[in-house]
There are 4 protein chains.
Amino acid sequence: MAAQKSAQSAPSVQSAPDSTRRSERSRRAIYDAALALVAEVGYPRTTIEGIAARAGVGKQTIYRWWPSKADVLMEAFLDLAEQAAQEAGQEPYVIPDTGDLEADLKAVLRLTVDQLKDPRFAAPSRALAAEGLVNEQLGREYVAKLLEPSLQLYVDRLRSAQEAGQVRPDLDPRIALELFVSPLAQRWLQHTGPISYEYTDTLVDYALHGLAPR
Amino acid sequence: MAAQKSAQSAPSVQSAPDSTRRSERSRRAIYDAALALVAEVGYPRTTIEGIAARAGVGKQTIYRWWPSKADVLMEAFLDLAEQAAQEAGQEPYVIPDTGDLEADLKAVLRLTVDQLKDPRFAAPSRALAAEGLVNEQLGREYVAKLLEPSLQLYVDRLRSAQEAGQVRPDLDPRIALELFVSPLAQRWLQHTGPISYEYTDTLVDYALHGLAPR
Amino acid sequence: MAAQKSAQSAPSVQSAPDSTRRSERSRRAIYDAALALVAEVGYPRTTIEGIAARAGVGKQTIYRWWPSKADVLMEAFLDLAEQAAQEAGQEPYVIPDTGDLEADLKAVLRLTVDQLKDPRFAAPSRALAAEGLVNEQLGREYVAKLLEPSLQLYVDRLRSAQEAGQVRPDLDPRIALELFVSPLAQRWLQHTGPISYEYTDTLVDYALHGLAPR
Amino acid sequence: MAAQKSAQSAPSVQSAPDSTRRSERSRRAIYDAALALVAEVGYPRTTIEGIAARAGVGKQTIYRWWPSKADVLMEAFLDLAEQAAQEAGQEPYVIPDTGDLEADLKAVLRLTVDQLKDPRFAAPSRALAAEGLVNEQLGREYVAKLLEPSLQLYVDRLRSAQEAGQVRPDLDPRIALELFVSPLAQRWLQHTGPISYEYTDTLVDYALHGLAPR
DNA sequence: ACCTAAGCGAGACGGTACGTCCGGTCTTCGA
DNA sequence: TCGAAGACCGGACGTACCGTCTCGCTTAGGT
């Protein structure tokens with residue numbers, strides 16, 4: 001008779017925040033501040049306090065929704081990627097399938113080169129990768145949310161080529177794609193060498209036709 | 001034979017400490033403490049204060065000789081590698097040249113797999129790589145001191161194979177080696193896939209003979 | 001007789017809440033929670049959030065009706081005192097007037113001693129006194145609502161004694177009462193000494209007959 | 001043989017700071033800042049961060065040496081009192097003994113009135129008293145270090161008067177002094193009435209000769 | 001008997017201060 | 001004169017509350 005709570009479906013482990021009441025305004029401001037700071041002062045000198053101050057937000061608002069600086073940046077970056085995709089209108093991030101595997105791979109890798117050189121993406125992406133090396137949990141998230149979806153596109157394209165008889169029938173596409181993707185990734189991440197269209201073209205050439213003489 | 005620092009006549013800039021009076025005891029203790037801590041609690045939670053305390057050393061003794069946590073770990077790791085090499089006696093970590101390029105590459109990559117799985121090396125090495133992504137200066141040092149020497153061995157072996165007509169005459173060895181080295185590196189660093197002898201064997205196979213059908 | 005607020009025609013400043021629709025239930029719960037918390041964890045660790053949570057009440061419900069933690073406690077305490085008075089039925093807390101001033105004062109001070117030792121009253125009362133020292137506005141309210149009414153009773157009794165020729169004709173009763181009331185108050189508030197019937201009896205003795213030999 | 005710590009005389013519960021290496025400079029700056037802030041913004045709005053900032057000191061330097069804000073202020077105030085005593089050259093804080101008890105008490109109480117009205121002393125002293133009401137441990141310290149020494153002077157003076165036959169032979173001086181000291185204290189602390197020479201003179205008069213007619 | 005406007009529980013929000021940890025510098029003392 | 005010890009200033013950490021602000025949801029009165 002008195003106020004009776006029908007707590008039926010309310011497991012609510014421990015004061016989980018109510019995401020329906022979350023401030024969209026604050027979230028956007030935090031994303032923007034996080035990305036801006038990482039770009040300006042680098043990841044290690046980006047602090048939660050700094051993000052909060054720049055976003056005009058209380059620190060608790062960050063701690064309420066994210067467990068760590070790395071997770072903030074991860075979501076911010078995912079959001080950025082999503083936005084960029086939407087801005088680009090149609091979906092540009094698919095590997096073309098003109099029937100000519102070599103040309104298609106070279107084309108998409110040239111696009112990737114452009115993207116890796118875009119400073120908007122470079123700083124946060126490298127920061128996340130770095131943190132992911134050392135923070136296993138974040139690393140797996142990075143791989144699952146950012147890396148694997150892209151790699152899957154290569155798998156698909158290679159399978160299509162396989163059906164068309166353009167690559168070995170026994171090929172493992174998940175390994176095969178690493179022959180041209182991993183070198184580019186390593187050069188970019190570890191500064192082990194310059195990145196250019198010529199370089200990626202060469203990678204595709206070597207990978208498809210092999211290092212041995214024909 | 002190895003880089004030998006003639007520290008005698010290197011006063012360096014500003015109030016250089018007199019390295020002739022440096023305590024060998026302290027240096028060893030600091031190396032050991034740094035490696036142990038990185039292995040135990042991970043790189044981010046390894047602190048200079050912690051290293052100093054564990055090594056039974058004043059903080060200043062660390063700051064006097066190294067500019068940063070990363071540099072301590074870098075030297076500690078280089079020292080570890082050197083020690084390991086000496087312990088192993090000969091086996092000077094070169095790539096065998098039996099005349100069969102494919103067999104030689106598979107063999108050396110299998111050794112690399114073993115090394116990457118050695119927990120003594122894994123933690124500090126990954127930590128240094130991570131820090132190197134974000135700290136450009138350290139990154140270059142990491143590449144120059146740890147990565148490039150190894151890669152150069154592949155360059156040499158590939159050139160030898162080139163002279164023997166086992167690889168394309170126009171091949172750029174510095175790029176070619178990345179086809180099998182970078183995939184392994186990426187899987188290890190970013191946990192993007194499992195590492196095994198079978199995997200590296202496959203990499204060498206694909207790289208040498210190409211993805212396209214013969 | 002007591003201060004009766006004719007709240008009807010008092011729109012007061014800025015968005016005054018409509019006190020006719022106030023929840024009696026919440027008020028009681030807040031009083032209880034406030035007194036309980038002060039008794040359990042002490043005044044400084046009693047928080048508005050804590051009171052609200054314990055009372056099962058929104059924070060805003062507290063802020064709507066009280067300007068500060070101290071005011072909540074003040075009202076809660078006044079309510080407690082009022083309730084206690086009503087429970088006690090009559091015994092309207094006046095000083096007896098048997099004609100024997102010394103006996104009457106000793107009797108009423110013994111009652112006061114009992115009251116000061118009642119733990120229900122001690123914690124909140126001391127807390128309010130403390131806050132009053134530092135918060136001038138609250139201090140005046142504390143004095144006006146809690147202290148002065150009691151002191152006035154002594155003034156009245158002393159005047160009656162004056163008319164009966166039992167105290168000096170030129171006596172200022174407002175000062176005179178302090179000779180036995182203030183020492184007791186100070187011992188209680190500042191723990192400067194033990195409190196007992198013997199002590200208050202002595203105070204009355206000294207105050208009435210003086211320290212000097214007769 | 002190896003580094004063997006002769007921990008003989010090193011009980012050292014838990015990383016107790018080494019007070020011989022304490023910075024006198026910092027201590028002074030902290031005292032000054034604490035007193036200034038209490039005077040300017042009041043005790044509740046005086047924060048440890050504020051003190052540290054104003055003193056140009058790291059927060060840790062405060063936490064290293066004092067357990068709480070109240071303790072900082074306590075020491076600062078004791079230091080101030082000590083300094084004031086030294087500045088005054090000879091020791092002024094003794095109750096004169098001219099043989100005329102009444103005159104001596106009136107004189108020293110007038111001095112006390114002056115002191116209570118000195119704003120340098122008033123703010124911190126009242127703040128400490130308030131905190132002491134609620135924080136039992138601090139309260140005892142306040143009483144022991146600030147109050148009791150002064151009260152002891154009255155005890156001594158009263159005993160001297162007792163030997164001279166100017167007060168009752170059976171008098172308990174510790175209680176007797178409260179007849180004129182406590183009223184003054186209460187008026188000052190709780191704003192229960194004005195403070196003046198006339199008032200303290202009256203108190204002494206009443207206390208010595210009693211409220212009853214002679 | 002409905003309608004509407006308030007009080008209500010809840011709790012997210014921008015803030016401030018907390019007390020702790022560590023970075024990098026500086027000072028003291030013993031070997 | 002180096003090294004251990006550790007105090008120092010500074011600044012970020014993650015937490016606790018402040019007082020304000022929205023959200024539905026009761027819950028009166030007024031019509």
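Residues numbered from 1 in each chain as written. Chains lettered and ligands numbered in written order. Predicted model: local features only at pLDDT ≥ 70, side-chain atom pairs only at ≥ 80, totals over all residues. Heavy atoms only, no water.

Asker: Please clarify how the environment of D:Pro194 should be interpreted in this entry.
Answerer: Residue and element names in this part refer to chain D. Position of Pro194 among the secondary structure elements: in the loop between α9 (178-190) and α10 (197-209). Sequence-wise, Pro194 and Leu184 are 10 residues apart; in three dimensions their C-alpha atoms are separated by 9.3 Å. Look past the residues within four positions of Pro194 in its chain and what remains in contact with it is Arg187 and Tyr199. (Helix = DSSP H or I, 4+ residues; strand = E, 2+ residues; numbered from the N terminus. Contact = heavy atoms within 4.5 Å.)

Asker: What am I meant to see in the pattern of salt bridges here?
Answerer: Working definition: two side chains of opposite charge can pair if their charged atoms are close together. Taken as a whole and judged by the stated rule, the model has 60 salt bridges over all chains. For C:Lys145, the salt bridge is made with C:Glu141, and the minimal N-O distance between the two is 2.9 Å. Residue C:Lys145 and its partner C:Glu141 are both found in helix α7 (residues 136-163); the two are separated by four residues, about one turn of the helix. Residue classification places C:Glu141 among the buried positions, given a relative accessible area of 18%. For the salt bridge of D:Glu102 with D:Lys106, the shortest nitrogen-to-oxygen distance reads 3.1 Å. Here the residue D:Glu102 and the residue D:Lys106 both occupy positions in helix α5 (residues 101-117), the gap between them amounting to four residues, near one helical turn. (Salt bridge = Lys/Arg side-chain N within 4 Å of Asp/Glu carboxyl O. Buried < 20%, exposed > 50% of the residue type's maximum accessible area, 1.4 Å probe, protein only.)

Asker: I keep staring at the domain arrangement of chain A and nothing clicks. Help me out?
Answerer: When the parts come together, some accessible area is lost, and that loss is often what is quoted as the size of the interface. Residue and element names in this part refer to chain A. For chain A, the assigned domains read domain 1 (23-87) and domain 2 (101-209). The centre of domain 1, based on its C-alpha atoms, is set 27 Å off from the matching centre of domain 2. If you look at the interface, domain 1 gives 13 residues, while domain 2 gives 13 residues. Between domain 1 and domain 2, roughly 1200 Å² of surface is buried when both sides are summed, and carbon and sulfur atoms account for 83% of that area. On the domain 1 side of the contact with domain 2, Tyr43, Met74 and Phe77 bury the most area, a combined 45% of that side's loss. Linking domain 1 with domain 2 are zero salt bridges. One can count zero residue pairs in polar contact (both at pLDDT 80 or more) joining domain 1 with domain 2. (Domains from an automatic or database assignment. Buried area = accessible area lost by both parts, 1.4 Å probe. Polar contact = N/O pair within 3.5 Å; in protein donor to acceptor, adjacent residues only side chain to side chain.)

Asker: In this structure, what is going on with α7(C)? I would like to understand it.
Answerer: Note: α-helices contain 3.6 residues per turn, so residues at a spacing of three or four share the same orientation. The largest bend in α7(C) is about 45°, located at C:Leu147, with the proline C:Pro149 one to four residues further on. C:Gly165 sits one or two positions beyond α7(C) and adopts a positive phi of about 75°. (Bend = angle between axes of the 7 residues up to and from the residue.)

Asker: For this particular structure, what's the right way to read the protein's contact with DNA strand E?
Answerer: Near DNA strand E there are 42 residues, and of these A:Trp65, B:Lys59, B:Gln60, C:Asp18 and D:Tyr63 occur at the shortest range. Here a phosphate oxygen of DNA strand E sits 2.7 Å away from a polar atom, N or O, in the side chain of A:Thr61. At 3.3 Å, a side-chain N or O of C:Arg64 approaches a phosphate oxygen of DNA strand E. Listed by contribution, the elements that provide at least two residues to the surface near DNA strand E are α3 (59-65) of chain A, α2 (48-55) and α3 (59-65) of chain B, α3 (59-65) of chain C together with α2 (48-55) and α3 (59-65) of chain D. Within the surface near DNA strand E, the residues separate by chemical class into 10 nonpolar, 16 polar and 16 charged. (Near = heavy atom within 4 Å. Nonpolar A, V, L, I, M, F, W, Y, C, P; charged D, E, K, R; others polar.)

Asker: Explain the nonpolar core to me, please; I cannot follow it from the model alone.
Answerer: Judged by nonpolar contacts, the single largest core of 132 residues is most densely connected at C:Phe180 and D:Phe180. A:Val57, A:Val181, B:Tyr43 and B:Ile195 belong to the second largest nonpolar core, which has 131 residues in total. (Core = buried A, V, L, I, M, F, W, Y, C linked by side-chain atoms within 4.5 Å.)

Asker: Quick question: what am I supposed to make of the packing of helix α6 (residues 119-134) of chain A against helix α7 (residues 136-163) of chain A here?
Answerer: Residue and element names in this part refer to chain A. Taken N-terminus to C-terminus, the directions of α6 and α7 make an angle of 135°; their axes are 6 Å apart at the nearest point. If you check the angle between α6 and α7, you find them oblique. As α6 packs across α7, the resulting crossing turns out to be left-handed. In contact with Ser125, Leu128, Ala129, Glu131, Gly132 and Val134 of α6, α7 contributes Glu136, Leu138, Gly139, Tyr142 and Leu146. (Axes fitted to C-alpha atoms, helices over the stretch in contact; angles between N-to-C directions. Parallel < 35°, antiparallel > 145°, perpendicular 65-115°, else oblique. Left-handed = near helix turned anticlockwise from the far one by under 90°.)

Asker: How should I be thinking about the protein's contact with DNA strand F in this particular structure?
Answerer: Close to DNA strand F lie 39 residues; A:Lys59, A:Tyr63, C:Lys59, C:Gln60 and D:Thr61 are nearest. By atom count, sugar and phosphate contribute 65% of the portion of DNA strand F lying within 4 Å of the protein. For DNA strand F, a phosphate oxygen lies 3.4 Å from a polar atom in the side chain of B:Arg64. At 2.6 Å, a side-chain N or O of C:Gln60 approaches a base nitrogen of DNA strand F. Residue composition of the surface near DNA strand F, grouped by class: nine nonpolar, 14 polar and 16 charged.

Asker: Help me understand the relation of the copies chain D and chain C in this model?
Answerer: For the pair of chain copies, the relating transformation is a rotation about an axis with a translation along it. Mapping chain D onto chain C leaves a residual RMSD of 0.2 Å; the transformation is a rotation of 179° accompanied by 0.0 Å of translation along its axis. Here the two chains are linked by the operation of a two-fold rotation axis. Among all residues of chain D, the minimum C-alpha distance to the rotation axis is found for D:Gly210, at 1.7 Å. Most of the interface of chain D is mirrored in chain C, where 100% of its interface residues are also at the interface. (Least-squares fit on C-alpha atoms with pLDDT ≥ 70 in both.)

Asker: Can you help me understand the interface of chain B and chain A in this one?
Answerer: Contacts between the two partners involve 49 residues from chain B, matched on the other side by 49 residues from chain A. Taken together, both faces of the contact between chain B and chain A bury some 4600 Å²; the carbon and sulfur share is 61%. When the buried area of chain B at its contact with chain A is split by residue, B:Leu133, B:Arg168 and B:Leu211 rank highest and sum to 19% of it. On the surface where chain B and chain A come into contact, there are four salt bridges. Of the charged contacts in the structure, one is a salt bridge between B:Arg168 and A:Asp205, with a shortest N-O distance of 3.2 Å. Counting across the chain B and chain A interface gives 22 residue pairs in polar contact (both at pLDDT 80 or more). Listing elements by their share of the side of chain B that touches chain A, those giving two or more residues are α6 (119-134), α7 (136-163), α8 (173-176), α9 (178-190) and α10 (197-209) of chain B. For the side of chain B that touches chain A, the element with the most residues is α9(B), which contributes 10 residues. Each residue belonging to the side of chain B that touches chain A can be placed in one class, and the counts come to 27 nonpolar, 10 polar and 12 charged.

Asker: Whenever I open this one, the interface of chain D and chain C confuses me. Can you help?
Answerer: Contact with chain D, which involves 49 residues of that partner, is made by 49 residues of chain C. Across the chain D/chain C interface, buried area totals approximately 4600 Å², and carbon plus sulfur atoms make up 61% of it. Of all residues in chain D, D:Leu133, D:Arg168 and D:Leu211 bury the most surface against chain C, accounting for 18% of the area lost on that side. Counting across the chain D and chain C interface gives four salt bridges. Put simply, C:Arg187 and D:Glu178 hold a salt bridge, and the shortest N to O gap is 2.8 Å. Where chain D touches chain C, the interface holds 22 residue pairs in polar contact (both at pLDDT 80 or more). Looking at the side of chain D that touches chain C, the elements that each hand over two or more residues are α6 (119-134), α7 (136-163), α8 (173-176), α9 and α10 of chain D.

Asker: Would you explain the packing of helix α9 (residues 178-190) of chain C against helix α10 (residues 197-209) of chain C in this entry?
Answerer: Helix-helix packing is described using two parameters, namely the angle between the two axes and the distance between the axes. Residue and element names in this part refer to chain C. Interhelical geometry of α9 versus α10 gives an angle of 150° and a closest axis separation of 9 Å. Between α9 and α10 the crossing geometry is right-handed. Each of Leu179, Phe180, Pro183, Leu184 and Arg187 in α9 lies in contact with α10, whose residues at this interface are Tyr199, Thr200, Leu203 and Ala207. Across the contact of α9 with α10, the residue classes break down as seven nonpolar, one polar and one charged.

Asker: Is there a simple way to explain the UniProt feature "DNA-binding region" (unreviewed entry) in chain A in this structure?
Answerer: Mapped onto the present numbering, the UniProt feature "DNA-binding region" (unreviewed entry) falls on residues 47-66 of chain A. For the annotated span residues 47-66 of chain A, helix accounts for 75% and strand for 0% of the residues, and the straight-line distance between the end C-alpha atoms is 14 Å. (UniProt positions renumbered as here; feature names shortened; annotations may be inferred.)

Asker: How do you make sense of the relation of the copies chain B and chain A when you look at a structure like this?
Answerer: Turning chain B through 180° and shifting it by 0.0 Å along the axis lays it on chain A, with an RMSD of 0.2 Å. Residue by residue, 100% of the interface of chain B is reproduced at the interface of chain A, so both copies engage with the same surface.

Asker: Where do I start with α2(D) in this structure?
Answerer: Residue and element names in this part refer to chain D. Listed in full, the buried residues belonging to α2 are Ile48, Ile51, Ala52 and Ala55. Along the axis of α2, the buried residues cluster in a sector spanning 95°; they form a single face. Opposite the buried face of α2, at more than 90 degrees from it, the exposed residues are Glu49 and Ala53. Directly beyond the C-terminal end of α2, a positive phi value near 65° is found at Gly56. (Arc of directions from axis to C-beta.)

Asker: What am I meant to see in the side chain of C:Arg174 here?
Answerer: In this structure, C:Arg174 sits in helix α8 (residues 173-176). Within the local environment of C:Arg174, its side chain forms a polar contact with the side chain of C:Glu148, the two groups lying 3.0 Å apart. In this structure, C:Arg174 is in contact with C:Glu148, C:Leu151, C:Val155, D:Arg187 and D:Thr192, ignoring residues within four places of it in sequence.

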